[in-house]
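Spelled out, the chains give:
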Amino acid sequence: MYGKDLIKELKSELSGRFEDIVLALLLKSSDYDAMCLHKAIEGLGTDEGALIEILCTRSNKQILDIKQAYKTLFRRDLEKDILGDTSGHFGRLLVSMTVGNRDENSNVDVARAQADAKALHAAGEKKWGTDESKFNSILAAQSIAQLQRVFDEYQKLSGHTIERAISSEMSGDLKQGMTTIVKVVRNSAAYFAEQLYTSMKGLGTNDRQLVRVIVTRCEVDMVQIKQEFQRNYGKTLESFIADDTSGDYKKILLALVSGN
């Protein structure tokens, strides 16, 4: 209407975290995720938490759209950049997630779940050393419904949860990545509630994480996330945000989580 670029105009008028969140809201979700991944990889150091949060929680279609957006925006291949910035079994897990080939069938094969539970048990607790590739092949490829049954069968077989097995058999970023997949399979809203809680608890705020979760979930499952937040942490998400932020930044965050 006015012959001006809206994003350029906003950048000249806004600043700080308020600017970050306004500009993020103008982007397609795949472009925003691609930009977050690029920011997590570029320069010195890697934001492994951001890589895990995005790659281990998105659907097949979302992953494929993110990869295309990444190539369009940065003229680079996402899988190659991840391999160049990570290593070992953790890098292989992230690459598995970027394939975007999780089974999305809702049917459950009980016999297969029992066999996979035995395979995971044999690859971890029953083995001297851990066969991380077996965990990768099952957790990165099977459907949500199938994995829920695998985890149930694992607990019947071993007497404890798959989370405990991962915690005792793995460490560092690989442990966080595998645990994230399990949390999303169990209850994705509770996982994102935890991400919001950890971004604000204690001294200081992880604003990048706070903004990323609210921008990507505000029109998806924020009602459920708020319910899980209050159930698990005894306070409303809105009260946490109000105590931890200020000014226009606080106002826009509260508007997004309230749906107003």
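What comes next concerns the included structure. Keep in mind that what you see is a predicted model, and the values were worked out from it rather than measured.

Concerning the overall build of the protein chain
Right, on to step 1. Scanning the protein chain for helices and strands turns up 16 helices and zero strands.
Right, on to step 2. Over its C-alpha atoms the protein chain spans a radius of gyration of 20 Å, differing by no more than 12% from the 18 Å that the globule rule assigns to 260 residues.
Right, on to step 3. Across its three principal axes, the protein chain shows a C-alpha extent of roughly 65 × 45 × 35 Å.
Right, on to step 4. With 260 residues in all, the protein chain has 44% of them scored as buried.
Right, on to step 5. A fraction of 66% describes how many contacts in the protein chain between residues 6 or more apart in sequence connect residues 24 or more apart.

Description of the packing of helix 4 (residues 48-55) against helix 13 (residues 207-217)
Right, on to step 1. Relative to each other, helix 4 and helix 13 sit at 10°, their axes nearing to 11 Å. Classed by the angle they form, the pair helix 4 and helix 13 counts as roughly parallel. Two secondary-structure elements touch here, helix 4 through A50, E53 and I54 and helix 13 through Q209, R212 and V213.
Right, on to step 2. Partitioned by chemical class, the residues of the contact of helix 4 with helix 13 number three nonpolar, one polar and two charged.

With respect to helix 5 (residues 60-74)
Right, on to step 1. A rise of 1.5 Å per residue sets the reference length of helix 5, with its 15 residues, at 21 Å; its end C-alpha atoms lie 21 Å apart and thus fit the reference within 8%.
Right, on to step 2. Looking only at helix 5, the buried set comprises N60, I63, I66, A69 and Y70.
Right, on to step 3. Turning to helix 5, the residues buried within the fold contact helix 3 (29-41), helix 4, helix 6 (78-85) and helix 7 (88-98).
Right, on to step 4. In the segment just after helix 5, R75 is the residue with positive phi, at about 55°.

So, helix 7
Right, on to step 1. Those residues of helix 7 lying buried are F90, G91, L93, L94, V95, M97 and T98.
Right, on to step 2. For helix 7, the secondary structure elements touched by its buried residues are helix 4, helix 5, helix 6, helix 9 (132-139) and helix 12 (172-200).
Right, on to step 3. Looking at the residues trailing helix 7, positive phi occurs at G100, about 65°.

Some details on the side chain of N136
Right, on to step 1. Note that N136 resides in helix 9.
Right, on to step 2. For N136, a relative accessible area of 11% corresponds to the buried category.
Right, on to step 3. Contact partners of N136, with chain neighbours within four places excluded, come to R92, L93, S96, A141 and M178.

Re the environment of I241
Right, on to step 1. Tracing the backbone through its elements, the reader meets I241 in helix 15 (residues 237-244).
Right, on to step 2. With a relative accessible area of 0%, I241 lands in the buried category.

Focus: the side chain of Q146
Right, on to step 1. Tracing the sequence through the fold places Q146 in helix 10 (residues 144-158).
Right, on to step 2. Those residues within four positions of Q146 in sequence are excluded, and the remaining contacts are N107, V108, D109, R112 and A113.

What to know about the pattern of salt bridges
Right, on to step 1. This model, assessed by the stated rule, comprises 16 salt bridges.
Right, on to step 2. Where R17 meets D20, a salt bridge forms, and the shortest distance between an N and an O atom there is 3.2 Å. Taken as a pair, R17 and D20 lie in helix 2 (residues 16-25) at a separation of three residues, close to a single helical turn.
Right, on to step 3. Relative accessible area serves as the criterion here: at 34%, D20 is assigned to the partly exposed category.
Right, on to step 4. The closest approach of N and O atoms between K183 and E194, which form a salt bridge, is 2.9 Å.
Right, on to step 5. Take K183: its relative accessible area is 29%, and that puts it in the partly exposed class.
Right, on to step 6. For E194, a relative accessible area of 24% translates into the label partly exposed.
Right, on to step 7. Within this structure, R149, E153 and K156 form a network of salt bridges that share partners.

Criteria and cut-off values
Starting afresh in each chain, residues are numbered from 1 along the sequence in its written order. Reporting of local features is limited, given that this is a predicted model, to residues whose pLDDT is at least 70; pairs of side-chain atoms are given and counted only at 80 or more, and all residues count toward the totals for whole chains, interfaces and linings. Side-chain metrics rest on all non-hydrogen atoms present in the structure, leaving aside hydrogens and water. Only DSSP runs of H or I reaching four residues or more are called helices, and only runs of E reaching two or more are called strands; each is numbered from the N terminus. The globule rule used here is 2.2 Å times the number of residues to the 0.38 power, and the radius of gyration it is set against is calculated over C-alpha atoms. Exposure classes here rest on a 1.4 Å probe applied to the protein chains alone. A residue is buried below 20% of its type maximum, exposed above 50%, and partly exposed in between. It only takes one pair of heavy atoms within 4.5 Å for two residues to be counted as in contact. Lines fitted to C-alpha atoms define the axes here, with helix axes fitted over just the stretch in contact, and angles between the N-to-C directions of these axes take values from 0 to 180 degrees. Angles are sorted into four bins: roughly parallel if under 35 degrees, roughly antiparallel if over 145, roughly perpendicular if 65 to 115, and oblique for all others. All amino acids are sorted into three groups, where Ala, Val, Leu, Ile, Met, Phe, Trp, Tyr, Cys and Pro are nonpolar, Asp, Glu, Lys and Arg are charged, and the leftover types, Gly among them, are polar. Expected helix span is computed as 1.5 Å times (number of residues minus one). Salt bridge, as used here: a side-chain nitrogen of Lys or Arg that lies within 4 Å of a carboxyl oxygen of Asp or Glu.

So yeah, pure geometry; function would need other evidence.
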